[in-house]
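Okay, here's what each chain looks like letter by letter:
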Amino acid sequence: DEPALKATFQLTLNNIPGHYQCISNTPIASQHSRYDAALKDTFKCVRFEKTPKMSTYLLALVVGHFDSVSETSNQIVTTVYTCPGKAEQGRFCLDTAVRCLDLYQDLFKIPYPLTKSDLLAIPDFAAGAMENWGVVTYREAKILVTEQTSETLKRGIARTVCHELAHQWFGNLVTMEYWTQLWLKEGAARFFEFIGIDALFPEWNAWSEFCQSVYTLALGLDSMKSSHPVEVPVTHPDEISEIFDSISYAKGASIIRMVYDLIGKESFFSGVEAYLTKFAYGNAVTEDFWQALDDGSSGKFNIVKFMGPWTKEIGFPIVSLTGAGEWTVERFLASGKEDGHFTDWPIPITAQVEGMTEVQGPWVIQGVSPEQDHSETLKLKIKEWIEAGLWFKLNVGQSGFYRVSYNTKQWEKLAQVMNPDGPLSVTDRLGLISDCFAAGKAGFSPITQSLDLVKGFGTHEQADYAVWQEMSENLQSLASAFRSEPVFGKFQSFLRSIYTGQLSKLGWEPQSPNESARIGTLRATIIRMLCIADDKDVLNTCFEKFKAFESDPETGSIPGDLQQVVFRGALQHDEGYVYHALKSMYENRSTFPEEQRNILSVMGAVKDERLHLEGLEYILFSGKVRLQDVAFPLRALATSSDRGGRATWDFVCRNFDRLRAQIGSGPVWSPCIGLSCRGLTTLKEATEVEAFFADKFLGSAKRRLEQSLEVVRTNAARRVRDRDTLSEYLTST
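Criteria and cut-off values
Residues numbered from 1 in each chain as written. Predicted model: local features only at pLDDT ≥ 70, side-chain atom pairs only at ≥ 80, totals over all residues. Heavy atoms only, no water. Helix = DSSP H or I, 4+ residues; strand = E, 2+ residues; numbered from the N terminus. Rg over C-alpha atoms; globule rule 2.2 N^0.38 Å. Buried < 20%, exposed > 50% of the residue type's maximum accessible area, 1.4 Å probe, protein only. Contact = heavy atoms within 4.5 Å. Areas by Shrake-Rupley, 256 points an atom, 1.4 Å probe, with all protein chains shown as cover. Lys, Arg positive; Asp, Glu negative; His and termini not counted. Charge placed at Lys NZ, Arg CZ, Asp CG, Glu CD. Core = buried A, V, L, I, M, F, W, Y, C linked by side-chain atoms within 4.5 Å. Axes fitted to C-alpha atoms, helices over the stretch in contact; angles between N-to-C directions. Parallel < 35°, antiparallel > 145°, perpendicular 65-115°, else oblique. Left-handed = near helix turned anticlockwise from the far one by under 90°. Nonpolar A, V, L, I, M, F, W, Y, C, P; charged D, E, K, R; others polar. Pairing = 2+ DSSP bridges. Polar contact = N/O pair within 3.5 Å; in protein donor to acceptor, adjacent residues only side chain to side chain. Salt bridge = Lys/Arg side-chain N within 4 Å of Asp/Glu carboxyl O. Arc of directions from axis to C-beta. Disulfide = S-S within 2.5 Å. Right-handed = clockwise from strand over helix to strand, strands pointing away.

Participant: So what's going on with the overall build of the protein chain? Residues and values would help.
Facilitator: What the protein chain contains, in helices and strands, is 27 helices and 20 strands. Its C-alpha radius of gyration of 26 Å places the protein chain within 12% of the 27 Å reference for a compact globule of 733 residues. For the protein chain, the spread of C-alpha atoms along the principal axes amounts to about 90 × 65 × 60 Å. Counting across all 733 residues of the protein chain, residues that qualify as buried make up 59%. Taking the intrachain contacts of the protein chain between residues at least 6 apart in sequence as the baseline, contacts between residues at least 24 apart amount to 71%. Carbon and sulfur atoms make up 49% of the accessible area of the protein chain, which totals about 28,800 Å². Positive and negative charge centroids in the protein chain, built from 74 and 92 side chains respectively, lie 3 Å apart.

Participant: Please give an account of the environment of Leu333 that cites residues and values.
Facilitator: Position of Leu333 among the secondary structure elements: in the loop between strand 16 (326-331) and strand 17 (347-353). For the pair Leu333 and Trp385, spaced 52 residues apart in the sequence, the C-alpha separation amounts to 29 Å. What Leu333 contacts, discounting residues up to four positions off in sequence, is Ser223, Met224, Lys225, Glu338, His341, Ala442 and Phe444.

Participant: Can you explain the nonpolar core? Please cite residues and give values.
Facilitator: Residues Phe192 and Leu475 are the most contacted members of the largest nonpolar core, which totals 232 residues. Counting residues in each nonpolar core, the second largest holds seven residues, with Ile23, Val62, Tyr81 and Leu120 among its members.

Participant: Before we move on, could you go through the packing of helix 26 (residues 683-693) against helix 27 (residues 702-732) and cite the residues and values that matter?
Facilitator: Relative placement of two packed helices is described by the angle separating their axes and the distance separating the axes. The interhelical angle for the contact between helix 26 and helix 27, taken along N-to-C directions, is 165°, at an axis separation of 8 Å. Taken together, the axes of helix 26 and helix 27 are roughly antiparallel relative to one another. The handedness of the crossing between helix 26 and helix 27 is left-handed. For the pair helix 26 and helix 27, the contacting residues are Leu683, Ala686, Thr687, Val689, Glu690 and Phe693 in the first and Leu705, Leu709, Val712, Arg713 and Ala716 in the second. Residue composition of the contact of helix 26 with helix 27, grouped by class: eight nonpolar, one polar and two charged.

Participant: I'd like a rundown of the sheet that holds strand 17, residues and numbers included.
Facilitator: The three strands lie next to each other as 18-17-19, forming an open sheet whose pairing is antiparallel. Every other strand in the sheet has two partners, leaving strand 18 (360-365) and strand 19 (392-394) as the edge strands with one partner each. Here the average twist between neighbouring strands, direction ignored, is 25°. Inspection of the sheet shows strand 17 paired to strand 18 by four bridges, in the antiparallel sense. Looking across to strand 18, one finds that Pro348 is bridged to Val364.

Participant: Hey, could you go over the environment of Arg429 for me, with residue numbers and the actual values?
Facilitator: Tracing the backbone through its elements, the reader meets Arg429 in helix 12 (residues 426-442). Judged by its relative accessible area of 3%, Arg429 is buried. Here the alpha-carbon distance between Arg429 and Cys653, two residues 224 residues apart in the chain, equals 44 Å. Among the polar contacts listed, one links the side chain of Arg429 to the side chain of Asp464, at a separation of 2.8 Å.

Participant: I'd like a description of the pattern of salt bridges, backed by residues and values.
Facilitator: Enumeration according to the criterion identifies 38 salt bridges in this entry. Between Glu338 and Lys225 there is a salt bridge; the shortest N-O distance is 2.8 Å. One end of the pair, Glu338, is in the loop between strand 16 and strand 17; the other, Lys225, is in the loop between helix 4 (206-222) and helix 5 (237-242), and 113 residues separate them in sequence. A residue is classified by how much of its surface remains accessible, and Lys225, at 42% relative accessible area, is partly exposed. Residues Glu706 and Lys702 are paired through a salt bridge, measuring 2.9 Å at the closest nitrogen-oxygen approach. One end of the pair, Glu706, and the other, Lys702, are both in helix 27, four residues apart, so they sit about a helical turn from each other. Through salt bridges with shared partners, a single network forms among Arg155, Arg159, Arg190, Glu193 and Glu209.

Participant: Describe the side chain of Glu485, and please don't skip the residues or the numbers.
Facilitator: The topology assignment puts Glu485 in the loop between helix 14 (465-482) and helix 15 (488-506). Owing to a relative accessible area of 16%, Glu485 belongs among the buried residues under this scheme. Those residues in contact with Glu485, other than ones at most four positions away along the chain, are Arg719 and Arg723.

Participant: So what's going on with the sheet that holds strand 15 (residues 317-323)? Which residues, and what values?
Facilitator: Read from one edge of the open sheet, three strands run 16-15-20, paired in mixed fashion. Since the sheet does not close on itself, it has two edges, and those belong to strand 16 and strand 20 (403-405), each with one partner. Strand after strand, the sheet turns through a mean of 20° between neighbouring axes, direction not considered. Judged from the three bridges that link them, strand 15 and strand 20 form a sheet pairing that is parallel. Within strand 20, the position partnered with Ser320 by the bridge is Ser405.

Participant: Before we move on, could you go through helix 26 and cite the residues and values that matter?
Facilitator: Taken as a whole, helix 26 has its buried residues at Glu685, Ala686, Val689, Phe692 and Phe693. Angularly, the buried residues of helix 26 cover 120° about the axis, an arc narrow enough to put them on a single face. Seen from the open side of helix 26, the exposed residues pointing more than 90 degrees away from its buried face are Lys684 and Ala691. The elements touched by buried residues of helix 26 are helix 23 (642-654), helix 24 (656-663), helix 25 (669-676) and helix 27.

Participant: Go over the state of the cysteines, please, and point to the residues and values.
Facilitator: Counting across every chain of the model gives zero disulfides. No disulfide involves Cys211; its sulfur sits 17 Å from that of Cys436, the nearest cysteine. Under the relative-accessibility criterion, Cys211 is labelled buried at 0%.

Participant: How would you explain the pairing of strand 9 (residues 76-82) if you had to name every residue and give the values?
Facilitator: With six of seven residues buried, strand 9 is to be regarded as a mostly interior element. Where strand 8 (residues 67-73) folds back onto strand 9 in an antiparallel hairpin, the turn is made up of two residues, including Asn74, whose phi is positive at roughly 50°. Note that strand 9 and strand 10 (residues 116-122) share five bridges and pair parallel. Across the sheet, Thr78 pairs through a bridge with Ser117, a residue of strand 10. For the crossover that starts at strand 9, traverses helix 1 (residues 91-108) and ends in the parallel strand 10, the hand is left-handed.

Participant: Lay out the packing of helix 14 against helix 16 (residues 517-532) with the relevant residues and their values.
Facilitator: Here helix 14 crosses helix 16 at 20°, and the two axes come no closer than 10 Å. As judged from the angle between their axes, helix 14 and helix 16 are roughly parallel. For the element pair helix 14 and helix 16, the recorded crossing hand is left-handed. For the pair helix 14 and helix 16, the contacting residues are Tyr465, Trp468, Gln469, Ser472, Leu475, Gln476 and Ala479 in the first and Arg518, Thr521, Leu522, Thr525, Ile526, Arg528, Met529 and Ile532 in the second. Considering only residue class, the contact of helix 14 with helix 16 consists of eight nonpolar, five polar and two charged.

Participant: Just give me the short version of the side chain of Glu710, but keep the residues and values in it.
Facilitator: The topology assignment puts Glu710 in helix 27. There is no salt bridge for the buried Glu710, and the closest opposite charge comes from Lys225, which lies 6.2 Å off by N-O distance. Side-chain polar atoms of Glu710 contact the backbone nitrogen of Lys225, separated by 2.5 Å. When neighbours within four sequence positions are excluded, Glu710 is seen to be in contact with Met224, Lys225 and Ser226.

Structure follows, in structure tokens:
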């Protein structure tokens, strides 16, 4: 598939059994049937209308039995196709798609060029979705909604629909020149999916979710030495698969958001319209996109030069405040400070300052020219704020793709305004948590600074989901790193001091019929953390709820957002019983994809050695688990305990040839190889993994393996560096 080699396609299907439906990118132009007397069956010939000029990877052809639901808006027919009997489960997806398609046409000011927009659910589909022009294909779990569907998955489905429809312009209408510019379609689609859900579901607070789930994900991966530039040269087909990752998607979206906030909405969409118009039915490179945005903003920031380092260089900076108006800029690495890396990114700085109602800035430091560098002005401002004894928070809304580290006195001031009733937004509070924990993890600041920042959360009367989710992910990372250390019991006590009070406020059940759906996901997060904290009351309640669900899934129904965490707590309470009960449910009772995934993931959390090995064999080689679902339980098997991490690696070593024969080089291969060693804990084990794979061809899994080994080494170094500091802190707290 060469993206620049575009053509029109007109397909004809011959000898298709008459009872099958035929679907392609365009509507059916004509069809006729014939009866075969020898076979006693009717066959048909189906001819489709000519496609627009498009890249070969967008051609789609589907034959099968389907039910469907449809709706017409602005003369475009949107249809959701499902397996027979599931059409009504496509209603939410249909409504989202119709409204999103109308929205994008208004925003981009370029009509959708086809007369139909199909969304087609496939039971076994390794990719989450594929944006074939006019007939987007989805994994069933990414499109079907029932009363059981969790709020988290429902939001994910809406995001996926908006993402794939954004591709109808970014990727399909205007395509990257080559795979090197993959981010031009994937980063843009990830950004516009949030433009979409923010407009369609304003109550979802889309941009706080973006910062918590996309922006921080990109920062995490790009803080590794094994990261790659947003634009990466592609010389082999395996390298194409490697770059379908969080750098192309999440970092790509994050730097587009940075430009969006820098030049403003009106200028941004003016540039987008010009870009899509100029390169319609053709191909573009990164500089074409930046030039269009620069033209849309009247050249105020010289976007082509400003954004060049953000796409061509690996990594991102950390701005560390060192004194009154002084700072340093260096590449942020999860493994710690290291000289010799690129640091000359132009960095847009904004600030929220105590007592000031308006956002201050932007100022650009390390600007592309003396006229566009505001470093001296910013130094004077920061000095002024410090001398006045004011707190200030840089990078307002986390719009810039960088981290900030403050001096101890400023962190102490910021800790005083972390309350939900305080002056900082949800996004800024989660940003402070993310920056502080990341700096501590990498050794840029003491790990105890981040614990000081969040230790008072247990007294908060309210809790915002995105803030608590960010805090919880970071505390869970600490728990995973130190779970085999003597200090872990004290750390569990620290967790209980934060989370117990919030569970008492929220309860296990909704407090009112009008409870926000996001409260359900917050409740699940809090229960999950109390399970990590080994709260016996919580584990007992999980087991009781599991038993009720096992006995009668109707009367003992568990809300979708709570299901996995209740299963997990029940397993922790009585591992042998719950593991076998879950396995029986998976094989004999469960039919809903999200519930099946929950069951498999929790089965993977077993710690018993015999059950762990049985689980590995079952998930990888029994044939009862779809390949598209293998990574979920394998992640749990590899990372839920240190012993499990070692056992998973040993199993993969013993069965590597079987694994390669079973999974081959498909989309599941890379995550399986990466996860095989993700749960190891020592530098010696990382070296052992490298020796094992030294003479083996890994194809598209090579980069994933490098990332996993870097995680192992970073965590091993972190344990050595922070063990005593953490123990002293928790002993004195």
